[in-house]
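Each chain, written out:
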Amino acid sequence: MQLSLAQRIHQSNKPFVLFHTYDASKAALEQAISEKKSMDLDISVDDSGNPYLGHSLEFYKKSGEKQPENMPFWEAIELVSNANIPVIVDCKDKRAWNLTEEVVGKIGAHRCLVHIYASELKFDYNLYDHDYESEWVAIENLKKLKEKFPSVTTTTSAKYLPSDFLESEKYEEVLERIRAVLKENNVDTLCLNVPDKTMSDKV
């Protein structure tokens, strides 16, 4: 069996950075490929069920952000499939989850890191005045995906955590709950989404 992306990174014992971007234009994809970098593909569907690269339609409507002009979905998948770079497959719309398996199979599971916002790791500490219901996916989908593709790397986000989550020890119970959910669903990595103001480059 091929080693997963997570296993190869771990074995390399070197720092790494995965490219995070909203830009999935042809120029961005070709640059990532030519420079042998990773690529980030956000996956959603429109109201007719047609796939596109980007956040959910609900996200653009509520956030007011402009939807980027990205490559046509399957053309982009074909382009990265013929390359040899790591790919973040980020399901941004639960209606698009059924496409994820096909995308992973086409690109190659050992090259993919699949991300979702897991419903089970949605917290509510009144930090935000809105939510994007379309983006929440049940975490068991990651478990099922890994059962079919053992060499895929899975990751999820714990979102709407308390603003002092990284600064206080009083959330040990919350942290244990997160660990239990990850272990039960065989998830490889986790992103702790906290407000930007809690993060600092200072040592």
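Note: the structure precedes this text.
Residues numbered from 1 in each chain as written. Predicted model: local features only at pLDDT ≥ 70, side-chain atom pairs only at ≥ 80, totals over all residues. Heavy atoms only, no water.

A.B. asks: I tried to follow the pairing of strand S3 (residues 87-91) on my own but got confused; where do I start?
C.D. replies: Consecutive side chains along a regular strand alternate between the two faces of the sheet. Within S3, 5 of the 5 residues are buried, leaving the element largely enclosed by the surrounding structure. One ladder, built from 5 bridges, connects strand S1 (residues 39-45) with S3; its direction is parallel. Considered in S3, the bridge of aspartate 42 is made with aspartate 90. Strand direction decides the pairing type here: S3 and strand S4 (residues 112-122), joined by 4 bridges, are parallel. Of the residues in S4, the one forming a bridge with isoleucine 88 is leucine 113. (Buried < 20%, exposed > 50% of the residue type's maximum accessible area, 1.4 Å probe, protein only. Helix = DSSP H or I, 4+ residues; strand = E, 2+ residues; numbered from the N terminus. Pairing = 2+ DSSP bridges.)

A.B. asks: What is the right way to look at the packing of aromatic side chains in this model?
C.D. replies: For the coordinates displayed, the defined rule picks out 6 aromatic pairs. Their ring planes at 85 degrees and their centres at 4.8 Å tell us that phenylalanine 73 and tryptophan 74 sit as a pair that is edge-to-face. Looking at phenylalanine 73, the relative accessible area reads 3%, which means it is buried. Here the aromatic residues Phe59, Tyr60 and Tyr132 are joined through ring pairs into a cluster of three or more. Stacked on the ring of tyrosine 117, the Lys or Arg lysine 159 has its end atom at 4.3 Å from the ring centre. (Phe/Tyr/Trp six-rings, centres within 6.5 Å; stacked < 30°, edge-to-face > 60°. Lys NZ or Arg CZ within 6 Å of the ring centre and 35° of its normal.)

A.B. asks: Hey, could you run me through the pairing of S1 in this one?
C.D. replies: Summarising burial for S1: 7 of the 7 residues are buried, a large majority. Burial of the side chains of S1 extends over both faces: Met39, Leu41, Ile43 and Val45 are buried on one face and Asp40, Asp42 and Ser44 on the other. Between the end of S1 and the start of strand S2 (residues 51-53), which pair antiparallel, lie 5 residues, with glycine 49 showing a positive phi angle near 85 degrees.

A.B. asks: Where do I start with the side chain of glutamate 135 in this structure?
C.D. replies: With respect to the helices, strands and loops of the structure, glutamate 135 is situated in the loop between S4 and strand S5 (136-137). Given the relative accessible area of 3%, glutamate 135 is considered buried. The residues touching glutamate 135, leaving out its near neighbours within four places in the chain, are Lys92, Tyr117 and Lys159. (Contact = heavy atoms within 4.5 Å.)

A.B. asks: Explain the packing of helix H4 (residues 73-81) against helix H5 (residues 97-107) to me, please; I cannot follow it from the model alone.
C.D. replies: Geometrically, a packed helix pair is captured by the angle between its two axes and the distance between the axes. Here H4 crosses H5 at 30 degrees, and the two axes come no closer than 9 Å. Side by side, H4 and H5 meet where Phe73, Trp74, Ile77, Glu78, Val80 and Ser81 of the first sit next to Leu99, Glu102, Val103, Lys106 and Ile107 of the second. In terms of residue class, the contact of H4 with H5 is built from 7 nonpolar, 1 polar and 3 charged. (Axes fitted to C-alpha atoms, helices over the stretch in contact; angles between N-to-C directions. Nonpolar A, V, L, I, M, F, W, Y, C, P; charged D, E, K, R; others polar.)

A.B. asks: Explain the packing of H5 against helix H6 (residues 140-148) here, please?
C.D. replies: Direction vectors running N to C along H5 and H6 enclose 25 degrees, while the axes themselves pass 11 Å from each other. The angle between the axes of H5 and H6 places the two elements in the roughly parallel class. Between H5 and H6 lies a crossing of right-handed hand. Seen from H5, the contacting residues are Trp97, Thr100 and Glu101; seen from H6, they are Asn141, Leu142, Leu145 and Lys148. Partitioned by chemical class, the residues of the contact of H5 with H6 number 3 nonpolar, 2 polar and 2 charged. (Parallel < 35°, antiparallel > 145°, perpendicular 65-115°, else oblique. Left-handed = near helix turned anticlockwise from the far one by under 90°.)

A.B. asks: When you look at the nonpolar core in this model, what are you seeing that I'm missing?
C.D. replies: The nonpolar side chains of a soluble globular protein tend to be buried with one another. Counting residues in each nonpolar core, the largest one holds 48 residues, and the members touching the most others are Leu41 and Ile178. Looking at this core, the elements that each hand over two or more residues are helix H2 (26-34), S1, H4, S3, H5, S4, H6 and helix H7 (172-184). Those residues in contact with leucine 41 that lie beyond four places of it in its chain are Ala24, Leu29, Leu53, Ile77, Val80, Val87, Ile88, Val89 and Asp90. (Core = buried A, V, L, I, M, F, W, Y, C linked by side-chain atoms within 4.5 Å.)

A.B. asks: Looking at this structure, how should I read the pattern of salt bridges?
C.D. replies: Where side chains of opposite charge bring their charged atoms close, a pairing between them can arise. Inspection of every chain in the model, using the stated rule, returns 12 salt bridges. Across the pair aspartate 131 and lysine 122 runs a salt bridge, and its minimum N-O distance is 2.6 Å. Overall, the relative accessible area of 13% leaves aspartate 131 in the buried class. (Salt bridge = Lys/Arg side-chain N within 4 Å of Asp/Glu carboxyl O.)

A.B. asks: Hey, could you run me through H5 in this one?
C.D. replies: Residues three or four positions apart in an α-helix share a direction because the helix packs 3.6 residues into each turn. Of the residues making up H5, those classed as buried are Trp97, Leu99, Thr100, Val103, Val104 and Ile107. Buried residues of H5 fall within an arc of 135 degrees about the axis and therefore sit on the same side. Glycine 108 lies just past H5 and shows a positive phi near 115 degrees. (Arc of directions from axis to C-beta.)

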